[in-house]
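# Summary of structural features
Here is how the chains run, residue by residue.
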Amino acid sequence: MDSHETDAAIEGTETELPPVDLPAVWLPFDNGVLAATKAVVIVIGLAFTVLVSSEVVSRFLIGQSISWVNGTARFLLVWFFMIGASLALRQGGHVALDILGKMLPPLPQTIVYYLAQILTVTFLLELLWSGVSALEGSFPQTEGSLGISMAWVMSAFPVGFGLLIYHQIVLVLSATRQLASKAGRK
Amino acid sequence: MIPVVGIIFLVALVVGTPIAFAMGLAGSSWIIFFEGIDPSVVVRRMFGIMGSFPLLAIPLFSMIGILAERCGMLPDLVKLLQMLLGRLKGGMAYINVANSMMMGGVSGTAVSDVASLGRVEIQMMKRAGYPAPYAAALTASTAVISPIIPPSVAFIIYGLAAGGVSIGGLFMAGIVPGIIMGLGLWVMAWFKSRKAGFGTIVDRPRPAVIFAQALRVVPFMLLPVIIVGGIVGGVFTVTESAAVGVVYVIVVGFVLTRTLKVKDIFDSVVYSAIISSVVGMLMGAGAVVSWIITRNQVTQQLADMLVMITSDPTLFMTLVALTLILLGTVMDATALIIMFAPLVVPIARQYGVPEIQFGVVFVMSCMIGMVTPPTGILLFMTAAFAKVPIEQVFKAIMPFVVAAMVLVGLLILFPALTLTVPAALGLG
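Residues numbered from 1 in each chain as written. Chains lettered and ligands numbered in written order. Predicted model: local features only at pLDDT ≥ 70, side-chain atom pairs only at ≥ 80, totals over all residues. Heavy atoms only, no water.

### Section: the overall build of chain B
Quick reminder of the rule: Runs of E in the DSSP output that reach at least two residues are strands. Runs of H or I that reach at least four are helices, and both are numbered from the N terminus. For a compact globule the rule gives 2.2 Å times the number of residues to the power 0.38, and the radius of gyration it is set against comes from C-alpha atoms. Accessible area is worked out with a 1.4 Å probe on protein chains only. A residue is then buried under 20% of its type maximum, exposed over 50%, and partly exposed in between. Only heavy atoms enter the contact rule, under which two residues are in contact if any of them lie within 4.5 Å. Residue exposure ignores everything except the shown protein chains as possible cover, and the areas themselves are Shrake-Rupley values with a 1.4 Å probe. For the purpose of counting charges, residues Lys and Arg are taken to be positive, whereas Asp and Glu are taken to be negative. His and the chain ends are not included. By convention, charge coordinates are those of NZ in Lys, CZ in Arg, CG in Asp, or CD in Glu.
Assigned secondary structure in chain B consists of 21 helices and zero strands. Taking 428 residues into account, the globule formula puts the C-alpha radius of gyration at 22 Å, and chain B, at 22 Å, falls close to it. C-alpha atoms of chain B, sized along the principal axes, occupy 70 × 45 × 45 Å. Out of the 428 residues belonging to chain B, those deemed buried represent 63%. Intrachain contacts of chain B at a sequence separation of at least 6 include 78% that bridge at least 24 residues. Here chain B has roughly 15100 Å² of accessible surface; of this, 70% comes from carbon and sulfur atoms. Computed over 22 positive and 15 negative side-chain charges, the inter-centroid distance for chain B is 14 Å.

See the structure below:
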């Protein structure tokens, strides 16, 4: 296999997100949000890898598992999913059907696009609401093996859905600016 | 009120809202607005599944896939396969199949499998002079087998979504059907190569060169041994095996081959977050919908209806398989598993179908749908990578679709194909 093919293999797993069309003043903030998100995701991902594998090691060496490892890893996983979902949104990774989009002429296609965005935002707002109310209820609850408040994990939902709403706004704004500049050129 | 959930879901789906969001929108709207239940229920349902230990295996397996690619383990394997099989007529076709059997099924969804591995395979086959439609069709059909050979993310998702199905048992159950399908694809490639006169790609290297390359591949070959062996031997759980796998690849990449950079590790985590959070969101939204389904006894109503149609378990499984293949032509397999496993698995139990056998039939049917014309999504992807009109791929894929359907039929008729291995290992 020549080196070119190896390059192609790596291309498939690039972690760069597609560029967005935002006002110039907004871009540094957006890049900051993405960089911070990636950093948090990396810390969480490495943390649960170390935790789970160290559990295996400790079981071999001391013959028993560490009581808080399982619970902590599960909490980290929730954060990992909820934060990672916004990166997936920016990547266009959330699987969707794309039947109508391709068949329709431009104008109905635009209408369908915005309808889908409205439905997405409606969902995200509902879940933000649900997340906030679940968080409120979780403060007095403690997780058994960890002895910490459930709020530590339940806060992942309002934060995650809040982030998703932010990124959804970015994507819609970017698409709208693209449409407007295309219309302007005509 | 249940039709309302369905209508919201379908409308959202058709206009192109991501599947997870469409499910979540339908479920949460129903809970919050139609039933007036405390809104926190939605997120608490999501937490129940998203914070489950077995699900942790998915981001870890995704990390293994990327790390193995970055540190050169996978390219080394491809090189060895080329040396061993390249001088056969149609060698690249065999390599494509062997490759998918060994390293597929790790990334979470068949779509991302094709996007990463499939793209390379198509390029390699085209460069070796194979017709592009054949390259596209073969690559799409190998995506059907890789998710049933362990380690399989599809089976983890199924085991969790169905509730209480042994994931280790499913892993083992996939081995025999996976090998049958792989051999079947090889035989088909052999016939095709004879007829079309596909060439060889390399001269036979000296045995010493092959041996040296085989030695380089040893660390990679140990990876499935550690993962599968560890699970079968009861040394660790599926999730733990995945974490140990990540650490193993990192150690090999840093100490043994010295091909891994710190940036590769960071990239693997970020990429894994992107891939696996899609699955996480689907699982979360699926948990909300399945809560509604349970609460309204939809499963029981459906079961009653099905029993009126047939009381024969074989016919029931055939109906389920055909329905899934049909739905799979328009929907991602992961989403399909998450949506329908909680609904159908309890019914399968009522029919007395062994749940591991049912699991393999279920997952394979979802995968076949994704390569079935005229809408199978994997075909569109591979056609785009191969730069050929989709119609040509439709023609080239048909023998593979038929072969895969025959295999599903065999799995339905002969439970031994799926149940023997897990039973022998005490995982049934």
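### Here we look at the pattern of salt bridges
Residues and elements named next belong to chain B. Note the cut-off: A pair is scored as a salt bridge if a Lys or Arg side-chain nitrogen falls within 4 Å of a carboxyl oxygen belonging to Asp or Glu.
Evaluation of the coordinates by the stated rule reveals nine salt bridges over all chains. In this structure, the salt-bridge partner of Asp264 is Arg70, at a minimum N-O distance of 3.1 Å. One end of the pair, Asp264, is in helix α14 (residues 262-295); the other, Arg70, is in helix α4 (residues 57-70), with 194 residues separating them in the sequence. As far as the burial class goes, Asp264 and Arg70 line up, both buried.

### Some remarks on the nonpolar core
Operational definition: Put simply, a nonpolar core is a bunch of buried Ala, Val, Leu, Ile, Met, Phe, Trp, Tyr and Cys residues held in one set by side-chain atoms that sit within 4.5 Å of each other.
Grouped together as the largest cluster of nonpolar side chains are 223 residues, with contacts concentrated most on A:Phe157, A:Phe161, B:Tyr158, B:Phe316, B:Phe358, B:Phe362 and B:Leu378. For this core, the element with the most residues is α14(B), which contributes 17 residues. Dropping the residues within four chain positions of it, A:Phe161 is found in contact with A:Met82, A:Phe123, A:Leu124, A:Leu127, A:Leu128, B:Met46 and B:Met281.

### Quick notes on helix α2 (residues 27-61) of chain A
Keep this limit in mind: Take the number of residues in a helix, subtract one, and multiply by 1.5 Å to get its expected span.
For α2(A), with 35 residues, the first-to-last C-alpha span of 51 Å sits near the 51 Å given by 1.5 Å per residue. Looking one or two places after α2(A), you find A:Gly63, whose phi comes out positive at around 75°.

### Quick word on unusual backbone geometry
A negative phi holds for most residues other than glycine; trans holds for most peptide bonds. Residue and element names in this part refer to chain B. The amide bond that connects Pro150 to the next residue, Pro151, takes the cis arrangement and shows omega of -5°. As for its placement among the helices and strands, Pro151 is situated in the loop between α8 (132-145) and α9 (153-162). Despite not being glycine, Gln297 has its phi angle at roughly 50°, a positive value. Structurally, the position occupied by Gln297 is in the loop between α14 and α15 (298-309). For Gln297, a relative accessible area of 54% gives the class exposed. Even without being glycine, Lys387 reaches a positive phi, approximately 55°.

### Some words on the packing of α2(A) against helix α13 (residues 238-256) of chain B
Convention followed: An axis is simply a line fitted to the C-alpha atoms; with a helix, the fit covers only the stretch in contact. Between two such axes, the angle follows the N-to-C directions and lies from 0 to 180 degrees. The labels follow the angle: roughly parallel below 35 degrees, roughly antiparallel above 145, roughly perpendicular from 65 to 115, and oblique for the rest. Classes in brief: Ala, Val, Leu, Ile, Met, Phe, Trp, Tyr, Cys and Pro nonpolar; Asp, Glu, Lys and Arg charged; the others, Gly included, polar.
Relative orientation of the contacting elements α2(A) and α13(B) amounts to 105°, with a least axis distance of 8 Å. Considering their axes alone, α2(A) and α13(B) lie roughly perpendicular with respect to each other. In contact with A:Thr49, A:Val52, A:Ser53, A:Glu55, A:Val56 and A:Arg59 of α2(A), α13(B) contributes B:Thr239, B:Glu240, B:Ala243, B:Val244, B:Val246 and B:Val247. Of the residues belonging to the contact of α2(A) with α13(B), the class tally is six nonpolar, three polar and three charged.

### Remarks on the interface of chain A and chain B
So the rule is basically this: As a working definition, buried area equals the accessible area (1.4 Å probe) given up by two parts on being put together, with both sides summed. Any N or O atom pair separated by 3.5 Å or less is treated as a polar contact, with the protein-specific requirement of one donor-capable and one acceptor-capable atom, and with residues adjacent in sequence counted only for side-chain atom pairs.
Taken together, the contact between chain A and chain B spans 68 residues of the former and 72 residues of the latter. Buried area between chain A and chain B, summed over both chains or domains, comes out near 6300 Å², and the portion from carbon and sulfur atoms is 77%. One can count one salt bridge joining chain A with chain B. Linking chain A to chain B there are ten residue pairs in polar contact (both at pLDDT 80 or more).

### Here's the deal with the environment of A:Gly84
Tracing the sequence through the fold places A:Gly84 in helix α3 (residues 67-91). Separated by 80 residues in sequence, A:Gly84 and A:Leu164 place their C-alpha atoms 9.7 Å apart. Excluding its chain neighbours within four sequence positions, the residues that come into contact with A:Gly84 are A:Val41, A:Trp79, B:Ala273 and B:Ser277.

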